[in-house]
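# Structural features, examined
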Amino acid sequence: MNFLTSVIVSLIAVGAVLVVGTIGGAVPALHPLFGVVIPLLALAVFILGFIWKVLSWAKSPVPFSIATTCGQQKSLPWIKPDKLENPSSKWHVVGRMALEILTFRSLFRNTKMQLDSQGPRIAYGWELWLWVAALAFHYAFLTVVIRHLRFFLEPIPAPIQLLDALDGFLQIGLPGIIISGFVLFGAAGYLLFRRLAVSNVRYISLPADYFPLFLILSIAGTGLIMRYVVHVDIVAIRELTLGLASLHPSVPEGIGIFFFIHLFLVSVLLAYFPFSKLMHLGGIFMSPTRNLRGNSREFHHVNPWNPEVHLHTYEEYEDEFRDRMIEAGLPVDKMPADAADSAEKE
Amino acid sequence: MKIYDLGKVTVGLVIFFLVFTFPLYYNMGKATPPPEPNIQTEAIAAMSEPVCVENTEYMRANHMKLLNEWRTSVVRNSNRAYPAFTGVRYEMSLSNTCMECHSNKEKFCDSCHNYAGVSPYCWECHLQPKEMK
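Cut-off values and rules
- Residues numbered from 1 in each chain as written.
- Chains lettered and ligands numbered in written order.
- Predicted model: local features only at pLDDT ≥ 70, side-chain atom pairs only at ≥ 80, totals over all residues.
- Heavy atoms only, no water.
- Helix = DSSP H or I, 4+ residues; strand = E, 2+ residues; numbered from the N terminus.
- Rg over C-alpha atoms; globule rule 2.2 N^0.38 Å.
- Buried < 20%, exposed > 50% of the residue type's maximum accessible area, 1.4 Å probe, protein only.
- Contact = heavy atoms within 4.5 Å.
- Lys, Arg positive; Asp, Glu negative; His and termini not counted.
- Charge placed at Lys NZ, Arg CZ, Asp CG, Glu CD.
- Expected span 1.5 Å × (residues − 1).
- Patch = residues over 30% accessible without salt bridge, like charges linked within 9 Å, V, L, I, M, F, W, Y side chains within 5 Å.
- Areas by Shrake-Rupley, 256 points an atom, 1.4 Å probe, with all protein chains shown as cover.
- Salt bridge = Lys/Arg side-chain N within 4 Å of Asp/Glu carboxyl O.
- Axes fitted to C-alpha atoms, helices over the stretch in contact; angles between N-to-C directions.
- Parallel < 35°, antiparallel > 145°, perpendicular 65-115°, else oblique.
- Left-handed = near helix turned anticlockwise from the far one by under 90°.
- pLDDT = per-residue confidence, 0-100.
- Core = buried A, V, L, I, M, F, W, Y, C linked by side-chain atoms within 4.5 Å.
- Buried area = accessible area lost by both parts, 1.4 Å probe.
- Polar contact = N/O pair within 3.5 Å; in protein donor to acceptor, adjacent residues only side chain to side chain.
- Nonpolar A, V, L, I, M, F, W, Y, C, P; charged D, E, K, R; others polar.

## Notes on the overall build of chain B
Counting its secondary structure elements, chain B contains 6 helices and 2 strands. Mapped from its N terminus to its C terminus, chain B presents α and β elements in the order α-α-α-α-β-β-α-α. Here the C-alpha atoms of chain B give a radius of gyration of 23 Å, more than 25% beyond the 14 Å that 2.2 N^0.38 yields for 133 residues. Overall size of chain B, expressed as C-alpha extent along the three principal axes, is 75 × 35 × 30 Å. Burial statistics for chain B: of 133 residues in total, 30% are counted as buried. Partitioning the contacts of chain B with sequence separation of at least 6, the portion at a separation of at least 24 is 58%. Charged side chains of chain B number 13 positive and 13 negative; the gap between the two group centres comes to 9 Å.

## Quick look at the environment of Ala44(A)
Residue and element names in this part refer to chain A. Tracing the backbone through its elements, the reader meets Ala44 in helix 2 (residues 31-58). The class of Ala44 is partly exposed, set by a relative accessible area of 35%. For Ala44 and Arg227, which are 183 residues apart along the polypeptide, the C-alpha to C-alpha distance reads 28 Å.

## As for helix 11 (residues 257-272) of chain A
All names here are of chain A. With 16 residues, helix 11 should reach 22 Å at 1.5 Å per residue; the first-to-last C-alpha distance of 23 Å fits that figure. For helix 11, the set of buried residues is Phe259, Phe260, Ile261, His262, Leu263, Phe264, Leu265, Ser267, Val268 and Leu269. Where the residues of helix 11 are buried, they touch helix 1 (3-26), helix 2, helix 5 (129-148), helix 9 (207-228) and helix 10 (234-245).

## Overview of a nonpolar patch on the surface
The grouping of Leu281(A), Val11(B), Ile15(B), Val19(B) and Phe20(B) at the surface amounts to a nonpolar patch, some 420 Å² of accessible area in total. Ranked by residue count, the leading element in the nonpolar patch is helix 1 (residues 6-20) of chain B, at 4 residues. By secondary structure assignment, the location of Phe20(B) is in helix 1. Residue class for Phe20(B) comes out partly exposed when judged on its relative accessible area of 33%.

## A look at the packing of helix 2 of chain A against helix 1 of chain B
It is the contact of helix 2 of chain A with helix 1 of chain B, at a shortest axis distance of 11 Å, that shows an interaxial angle of 165 degrees. Relative to helix 1 of chain B, helix 2 of chain A is oriented roughly antiparallel. For the element pair helix 2 of chain A and helix 1 of chain B, the recorded crossing hand is right-handed. Facing Phe46(A), Ile47(A), Phe50(A), Ile51(A), Val54(A), Leu55(A) and Ala58(A) of helix 2 of chain A, the residues of helix 1 of chain B in contact are Val9(B), Leu13(B), Phe16(B), Phe17(B) and Phe20(B).

## Overview of the pattern of salt bridges
All names here are of chain B. Tallying each qualifying case throughout the model produces 13 salt bridges over all chains. The partner of Lys105 in a salt bridge is Asp110, with the nearest N and O atoms 3.2 Å apart. Side by side, Lys105 and Asp110 carry an identical accessibility label, which is buried.

## Some words on unusual backbone geometry
Residue and element names in this part refer to chain A. The omega torsion of the bond from Glu154 to Pro155 falls at -5 degrees, within 30 degrees of zero and hence cis. Mapped onto the fold, Pro155 is located in the loop between helix 5 and helix 6 (158-167). Backbone torsion omega between Leu174 and Pro175 reads -10 degrees, so that peptide bond is classified as cis. By the element assignment, Pro175 lies in the loop between helix 6 and helix 7 (179-197). In the Ramachandran plot, Leu247 falls in the positive-phi region, its phi being about 55 degrees despite a non-glycine side chain.

## Thoughts on the confidence of the model for chain B
Mean pLDDT over chain B stands at 87; residues scoring 70 or higher make up 97%. The least confident element of chain B, judged by mean pLDDT, is helix 3 (residues 42-45) of chain B at 87; the most confident is helix 1 of chain B at 95.

## Quick look at the nonpolar core
Ranked by internal contacts, the top residues of the largest apolar core, which has 52 residues, are Phe50(A), Phe137(A), Leu215(A), Ile255(A) and Phe259(A). Listing elements by their share of this core, those giving two or more residues are helix 1, helix 2, helix 5, helix 7, helix 9, helix 10 and helix 11 of chain A together with helix 1 of chain B. In terms of residue count, helix 9 of chain A provides more of this core than any other element does, 10 residues in total. When sequence neighbours within four positions are dropped, the list of residues in contact with Phe137(A) reads Leu184(A), Ala187(A), Ala188(A), Leu191(A) and Ile216(A). Grouped together as the second largest cluster of nonpolar side chains are 8 residues, Val53(B), Met59(B), Trp70(B) and Ala84(B) included.

## Re the interface of chain B and chain A
At the interface, 35 residues of chain B touch 40 residues of chain A. The largest contributions to the chain B side of the interface with chain A come from Phe16(B), Tyr115(B) and Tyr121(B), which together make up 17% of the buried area. With its nearest N and O atoms 3.2 Å apart, the salt bridge here joins Asp233(A) to Arg60(B). Between the two partners, chain B and chain A, sit 10 residue pairs in polar contact (both at pLDDT 80 or more). Top element by residues in the side of chain B that touches chain A is helix 4 (residues 56-77) of chain B. It accounts for 6 residues. Here the side of chain B that touches chain A is built from residues that sort into 22 nonpolar, 8 polar and 5 charged.

Written out as structure tokens, the structure reads:
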């Protein structure tokens, strides 16, 4: 799909979500639907869809060791293996997975290919910004999600209050600036910019790439607006969210319209999640190229559903045709007398 | 169809489920009543009609922004006069204007701030008022 079409289609989709959310917020009669029913349904779709997707992946057999490597596999004792890049034991796999999930090591190795300035030669350069922005985006998102737990938990656990205080340690303005929200918005914005600005990334981008970005930017944007520009009644919001989390739904009056837009965007994100590329949240744990041991030199991996192949070995062939081979003057491994001996022994 | 590594997959899915439904079992389905900020103070009772510097709806969502504007106005521009929506001019002062009526910090300020998990740093500089006993 043409990139402009992809961007426009995604913008229209997110725009439609924004319009529906605005209607939900503007019409008080729709508040129970948009404040309680849709979020709970979205959560159910998210959880059940996630489980369904993971189980559908678990149905795919992985008979061979297909770990991707960039290090020496364990083989002979005098060859030093690279335990992290090519893990041969379970714990080394755990180490590799943990570093992949927590620090995105494979993005760290991202390179770009371009023509050398010296002449028409291909040169490879280290391209770190994707890794930096991805780390910033994911950790800011995690922080924002954990901070939002203060709306859903009673009493509010001390670690969440501590995180809140750390996140807002700049103490600029009132309500104080919290860093993670801006980092989330900025990093997502950079990832969108990169997708649009780098021609080869733009070439492979589809609506499925733009839509989640626009959606997350809208979520972060409405969140920032509510905190810093058009303030909303936090106490009323907490009454609603706490009602959701304790399954005693209540829809207080006087909640700003932006809250319903924000909540509807999040509901759409949750419901969309299991059917989209965002499922890399679960998928990263199930990547056979990451979570298998690189032990193809240690073990012979046999495809377990290989059909039973009937082999006709040379011994059997000679047993069958020995007399005729001798007749034709062909050399045989065993003379008829030896063959009879060995047949008796067996 | 066969599900491979069912044990590991199950462990992963159970962790996923427990993480994402954490608020549901943390609250154990108990409802928490929303706070009711108490405005029963002598100063408010003495008013013929209780009135703040802005209307209640605005104050509920924006009081912190207003206080921040007051702070800037007083500290940077030495302007202490705030024309309220009623036309009355109030002195921009947390301790003297706000707390004159809302002298019950624990029952007024803290009731919502504790509920929403907000810890404003007003009282790191301002003297915390002595509660009317």
